Amino acid sequence: MRGVLAGNWELVAQWVSAVATVVALIFAAVAAVAAQRVYGVESKRDQLNAQDRAQQALALKRAQGALVSAWWNLRAGGEPAHQWGVYLRNASETPVYRATLSVVDLHNSNTTVALEVPVIPPGETTFHPVSLPTGPGHAAPAPAPVDSDAQHAADFRVEMSFTDSAGVRWFRDQHGKLSELGDEVMVFCDESRAGALTDFAADFLRRNGVSVGFTVQDFPVLREAFIESATKGDAGEVLICPHDWIPELVQLGLLEPITISERRLSQFQDRALRAVTVDGQVYGVPYSLETVALIRNTALAPRAPATIEELADIGEALCARGAAARPLGIWVGAAGNPFNLQPVYSSAGGELFGALPDGSANPADIRVATDESIRAFGRLHALGERGRGLLTCEYTDDTETIELFGQGAVPFLIAPARMLGDLRGADIPHEVQPVPPLAGGRRPMPFVAVNAFVVSTRGDNKIIAHDMINDYLTREKVVMALYAAQPRPLVLRELADSVRAGDPRVSVFHDECVRGELVPMLPQMARVWRLLGQAQADVIRGDSPAATARRLHQELARL
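These numbers were taken from a predicted model, which means no experiment stands behind them.

Undergrad: When you look at the nonpolar core in this model, what are you seeing that I'm missing?
TA: For soluble globular proteins, the rule of thumb is that nonpolar side chains tend to be buried together. Core analysis: the largest hydrophobic core is formed by 87 residues, its most contacted members being Phe204, Leu239, Ile246, Leu249, Met468, Ile469 and Leu473. Residues contacting isoleucine 469, with those up to four places away along its chain left out, are Val238, Ile258, Val285, Phe453, Val454, Val455 and Thr474. Counting residues in each nonpolar core, the second largest holds 51 residues, with Ala301, Ile308, Leu522 and Ala549 among its members.

Following this line, the structure appears as structure tokens:
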């Protein structure tokens, strides 16, 4: 009996111990959950406190800058009567220094006037009279009639940069937004445009206390370099690019929308604005157009060819007697070049996409394997390396072909307008004409690109970058410097007419830009270029036109 009782007591003891263990575990779990909740609350509180401290620090940092302002208005009394100018107010208790102010005409960047104020004393409001420029290209609003005062005040704004008493540099834009300035605005572009803009970097630094730097890349890798830098959070502020890059960069969240007045927009050519607009929003400030045309050495070929075949006949005859090394210079390259080849491809009936009702490209309507496009690939094949030899993939870039033309080694050149700048030092008499059609073919329809300034969402100095491309880089002297470096047709109406009148070669390129086909604006356009270019190069090297066209259709359908 004692053994049974002892055994029962042992079972009871084990049971009690187990229950106690379970209870302890439950309490431990409850305590852990409670501790976790407490930790979460404390952690969140710490985060909120850190955010509060950061906001307080920022508010403290901005405290003086927020009290400094400038605006455009009539002088309140005094002489002369009806004097317009800038009111400057420092409502803080300490001075601010090195203030630079720009009176900005919202509709005309050439009317901008800059002021420099070394010191703005505390607690003062001062008036600085401004005489706006008059004459061609300017708004000429001063002195304004009394009944136009309201409109005049609405048309002008004041931007300013200044250094506060703690040594921090600030910028207040034309809409009154205050932002801290970094040391530099970084521009992504190719070498020639960097060289043209460098001359203005010192002036921009003097006016705003911000330097302009350049990330220079060869054009074929510029887009990839910008995207790679942006994904790492270091894309700089400004990119100069063709319009067909914009949809992809917008889709990736890498571009800022641009705010610009309707009257200012009206100064740009309509198709240039359409090219930088995505879903109704403007994402770039256009400055030039680009297309290809035929440049002819008039000493070797005095007569303009009426067709591509006649061009080939003339070139081959020159080569046969040793007067030329090749009948035609056109950069196709190992990977192809649809932009340069488009006049020949389109004259043969080749297409890329159908069109939507608004005229834009319809990527769902792929046209590269239609009967007409297959025949166009066939014409490229017949003119290619296993045919007549007029088209070749041997040239590595446009520079190589322009050098051959400048040496008198080729009588004809199919090249973009920017190559005209490289002919300045060459003693070669030449004329420009549209690329002639193929015999029995359609009138060539070249592709047209619009070059534009865009602002990155990832830049540290975005506010000043917007000001730079909206106002500074659209001034006549800057646009003309870019034109001098690479003479492309311009998109500001007055300047476009001026350069056309001054250079008949540019006038031909401009007319081709007006009637040509805008490069399709699709997020996948970089991949479309790559596939189309490779297909055209393969056919020129001797691949089957029909098989290549059908393969291309399948590849485009998978994008």
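Read on for the rest.
Undergrad: Explain helix H11 (residues 398-406) here, please?
TA: What sets the pattern is the α-helix's 3.6 residues per turn: residues three or four places apart point alike. Buried within H11 we find Asp398, Thr401, Ile402 and Phe405. Summarising the axial view, the buried residues of H11 lie within an arc of 100°, below the 170-degree limit, and thus occupy one face. Along its buried surface, H11 packs onto strand E15 (292-297), helix H9 (338-347), strand E18 (412-416) and strand E19 (430-433). The N-cap residue of H11 is aspartate 397: its side-chain oxygen and the backbone nitrogen of threonine 399 are 3.1 Å apart. At the exit of H11 stands glycine 408, carrying a positive phi of roughly 75°.

Undergrad: Can you walk me through the packing of aromatic side chains in this structure?
TA: The relation between two aromatic rings is expressed through the spacing of the ring centres and the mutual angle of the planes. Taken as a whole and judged by the stated rule, the model has nine aromatic pairs. Ring centres 5.5 Å apart and planes at 85° place the aromatic pair phenylalanine 188 and phenylalanine 226 in the edge-to-face group. Of this pair, phenylalanine 188 sits in strand E9 (residues 184-189) while phenylalanine 226 sits in helix H4 (residues 219-231), and the two are 38 residues apart along the sequence. Here the two residues phenylalanine 188 and phenylalanine 226 agree in accessibility, since each one is buried. On the numbers, 5.4 Å between centres and 90° between planes, the contact of phenylalanine 447 with tryptophan 529 is edge-to-face. Here the residue phenylalanine 447 occupies a position in strand E20 (residues 447-455), and tryptophan 529 occupies one in helix H16 (residues 525-541), the gap between them amounting to 82 residues. Residue class for tryptophan 529 comes out buried when judged on its relative accessible area of 17%.

Undergrad: How should I be thinking about the confidence of the model for the protein in this particular structure?
TA: Caution applies to low-pLDDT regions: their predicted coordinates should not be interpreted in detail. With 85% of its residues at a pLDDT of 70 or more, the protein shows a mean pLDDT of 86. For residues 138-147, every residue scores under 50 in pLDDT, and the model assigns this stretch 21 contacts once sequence neighbours within four places are set aside.

Undergrad: Honestly, the side chain of threonine 392 in this entry has me stumped. Any pointers?
TA: Position of threonine 392 relative to the elements: it lies in the loop between helix H10 (371-383) and H11. Residue threonine 392 is classed as buried on the basis of its relative accessible area, which comes to 5%. A polar contact is formed between the side chain of threonine 392 and the side chain of glutamate 385, at a distance of 3.1 Å. Here glutamate 394 takes part through its backbone nitrogen, which lies 3.2 Å from a polar atom of the side chain of threonine 392. Discounting residues that sit within four places of it in the chain, threonine 392 has contacts with Arg326, Ile330, Val332, Glu385 and Ile540.

Undergrad: Please explain the pattern of salt bridges as it appears in this structure.
TA: A side chain with one charge may pair with a side chain of the opposite charge, provided their charged atoms come close. A full pass over the atoms with the stated rule returns 24 salt bridges. Glutamate 256 is the salt-bridge partner of lysine 462, the closest N and O atoms lying 3.1 Å from each other. Placement of the pair is lysine 462 in helix H12 (residues 462-470) and glutamate 256 in the loop between helix H5 (246-251) and helix H6 (262-265), with a sequence separation of 206 residues. The exposure class assigned to lysine 462 is partly exposed, which follows from its relative accessible area of 25%. Look at glutamate 256 and you get buried, because its relative accessible area is 19%. Among the salt bridges present, the one from glutamate 555 reaches arginine 551, with a minimum N-O distance of 3.7 Å. Here arginine 551 and glutamate 555 lie together in helix H17 (residues 545-557), a separation of four residues that amounts to about one turn. Residue arginine 551 is classed as partly exposed on the basis of its relative accessible area of 33%.

Calculation rules
- Residues numbered from 1 in each chain as written.
- Predicted model: local features only at pLDDT ≥ 70, side-chain atom pairs only at ≥ 80, totals over all residues.
- Heavy atoms only, no water.
- Core = buried A, V, L, I, M, F, W, Y, C linked by side-chain atoms within 4.5 Å.
- Buried < 20%, exposed > 50% of the residue type's maximum accessible area, 1.4 Å probe, protein only.
- Contact = heavy atoms within 4.5 Å.
- Helix = DSSP H or I, 4+ residues; strand = E, 2+ residues; numbered from the N terminus.
- Arc of directions from axis to C-beta.
- Polar contact = N/O pair within 3.5 Å; in protein donor to acceptor, adjacent residues only side chain to side chain.
- Phe/Tyr/Trp six-rings, centres within 6.5 Å; stacked < 30°, edge-to-face > 60°.
- pLDDT = per-residue confidence, 0-100.
- Salt bridge = Lys/Arg side-chain N within 4 Å of Asp/Glu carboxyl O.

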